[in-house]
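The residues making up each chain are set out below.
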Amino acid sequence: MTDLNAVKDKYIAQIGEALDLKALDDIRVTALGKKGEISMMMRGLGQMSPEEKKIMGPALNGLKNDIAALIDARKTSLEDAALDAALASEVMDMSLPVGRTSGTLHPVQQVMEEMAVIFSDMGFAVAEGPDIEDDFHNFTALNFPPGHPARDMHDTFFMVPTRGEEGAERPTGTEKSPDGEKKVLRTHTSPVQIRTMINQKPPIRIIAPGRTYRCDSDQTHTPMFHQVEGLVIDKDIHMGHLKGCLMDFVSAFFETDVDVQFRPHHFPFTEPSAEMDVRYERDGASIKIGSGEKWMEILGCGMVHPNVLRNCGIDPNEYQGFAFGMGVDRLAMLKYGMPDLRDMFAADTRWLSHYGFNPLLQASLVSGLS
Ligand code: PHE
């Protein structure tokens, strides 16, 4: 009969002497592995008499557990020692030069900040809304009748409905559209007009920058793009205010006098509606804004439709207003000369370091926008 204490002492000594994890694991295999010494002893229990078994069973189990616990403890202390050694040897030299590791501000972000600077100087606040909108805010409240083809013309991404989603908030007394709960990726930033008018009393003066989505992709369209919406609601607001505001904006944005023209257009949520073009010419591969014989459309705008005001609980006989919406990505391309819209969202670090902006220099009307 092997003396269990002798076996135990032997392994205690070996474990104490194991200097690395590999040596420790060899001991574990020799003692507790399938064919290990202690495992084989346990297998011998089968041949023992019931009396012997009564004593040897618990004794062998105890031995096995003790050795396993000792190996574990040694393993932890070896790992701790290895970590301490690594920490002591891997020194960081804080005096090394940093190189060019800082990131840049994406041109879209830069342009949205420039717009915020220009409009805040005119008294506008910045408002935001969710990217996942409901049908009510994206269409119905904006005077798109249910089933109207314009809903499809927007190449809408519809979300698959899930059960138990919360209903859209809307003022009491307004009609609930049967489509009202359907979720979409917002096709424009105009739903922020609705959210603002429902939650805020006039006078209102906001811009709403953000992401918008349409199922469309080619050299001048990406499925996700950016818009800045504008909304002004007050007493005695007319088209002259709209024109003056937007003319001031483009000249400030392009940092030069810009000639503009307004063309009649149609949007369900404004009446009358217009598109605004800026004068431009091609100068070799680049585009010059402000002079030339050609016109380029840069935004949609109009006087807020009385139905939209009513849908938000505002009396159109008391208040009027104007709204506009423009594509930020295209304005960024025009101002900073990127040739292809799709590069904007390709996350290519070469493109980003070339076209990106210093994040520490804030756009300002006094020191310059960029
Ligand atoms: N929402 C319109 C679009 O995405 C733009 C717009 C906004 C037009 C506000 C008029 C008033 O095309």
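Before going into details, it helps to say that this report is about the structure given with it.

Rules and cut-offs
Numbering of residues begins from 1 in every chain and follows the order in which that chain's sequence is written. Thresholds applied to this predicted model are a pLDDT of at least 70 for local features of residues and 80 or more for the giving and counting of side-chain atom pairs; totals over whole chains, interfaces and linings are not thresholded and use all residues. To obtain the side-chain values, all non-hydrogen atoms of the structure were included, while hydrogens and water were left out. Any two strands with at least two DSSP bridges between them are considered paired. Strands here are runs of E lasting at least two residues and helices are runs of H or I lasting at least four, both read from the DSSP assignment and numbered beginning at the N terminus. Note on definitions: a residue-residue contact is assigned when non-hydrogen atoms from the two residues lie within 4.5 Å. For each residue, the accessible area found with a 1.4 Å probe, counting protein chains only, is set against the maximum for its type, and the residue is called buried under 20%, exposed over 50%, and partly exposed in between. The term polar contact refers here to a pair of N or O atoms within 3.5 Å; inside protein, the definition further demands a hydrogen-donor-capable atom paired with an acceptor-capable atom, and it admits residues adjacent in sequence only when both atoms are side-chain atoms. We call a residue near a molecule or strand whenever a single non-hydrogen atom of that residue lies within 4 Å of it. Accessible surface is estimated by sampling points in the Shrake-Rupley manner with a 1.4 Å probe; for residues, cover comes only from the protein chains shown. Nonpolar residues are Ala, Val, Leu, Ile, Met, Phe, Trp, Tyr, Cys and Pro. Charged residues are Asp, Glu, Lys and Arg, and all others, Gly as well, are polar. Nonpolar core, defined: a set of buried Ala, Val, Leu, Ile, Met, Phe, Trp, Tyr and Cys residues in which side-chain atoms within 4.5 Å join the residues together.

### A look at the pairing of strand β6 (residues 260–267)
Regular strands have side chains that alternate between both faces of the sheet. Sheet topology note: the β6/strand β7 (residues 270–283) ladder contains 7 bridges and is antiparallel. Within β7, the residue paired with F267 across the bridge is T270.

### Describing the side chain of D329
Mapped onto the elements, D329 comes out in helix α11 (residues 328–336). Leaving out residues up to four positions away in the same chain, D329 has contacts with V108, F225, H226, L341, M344 and F345.

### Points about the side chain of S190
Checked against the element boundaries, S190 lands in the loop between β3 (183–185) and α8 (191–199). Among the residues examined, S190 registers a relative accessible area of 3% and is labelled buried. Of note is the side chain of S190, whose polar atom sits 3.4 Å from the side chain of H188.

### Quick notes on the pairing of strand β9 (residues 294–304)
The element β9 is largely enclosed, with a buried count of 8 among its 11 residues. For β7 and β9, the ladder comprises 9 bridges, and the chain directions are antiparallel. Across the sheet, S273 pairs through a bridge with G302, a residue of β9. When β9 meets strand β10 (residues 320–327), the two strands line up antiparallel, connected through 5 bridges. Residue L299 lies in a different strand from β10, and its bridge partner there is M326.

### Remarks on the site of the ligand
Around the ligand sit 14 residues, and of these H188, S190, R214, Q227 and E229 come closest. S190 places a polar side-chain atom, nitrogen or oxygen, 2.9 Å from a nitrogen atom of the ligand. Within the side chain of Q227, a nitrogen or oxygen atom sits 3.0 Å from an oxygen atom of the ligand. Look at the ligand: alone it shows 330 Å² of surface, and the protein chains cover 91% of it. Looking at the shell around the ligand, the elements with two or more residues in it are β5 (224–234), β9 and β10. Take the shell around the ligand: its biggest share by element is 3 residues, from β10. Residues belonging to the shell around the ligand are distributed by class as follows: 5 nonpolar, 7 polar and 2 charged.

### Overview of the nonpolar core
Core analysis: the biggest nonpolar cluster contains 46 residues, and M115, F119, V250, F324 and M326 have the highest contact counts within it. Broken down by secondary-structure element, the contributors of at least two residues to this core are α5 (107–121), β5, α9 (239–254), β7, β9, β10, α11 and α12 (349–355). Apart from residues lying up to four places away in sequence, V250 is in contact with V258, V260, M276, V278 and I298. With 24 residues, the next largest nonpolar core counts A141, I206, F267 and C312 among its residues.

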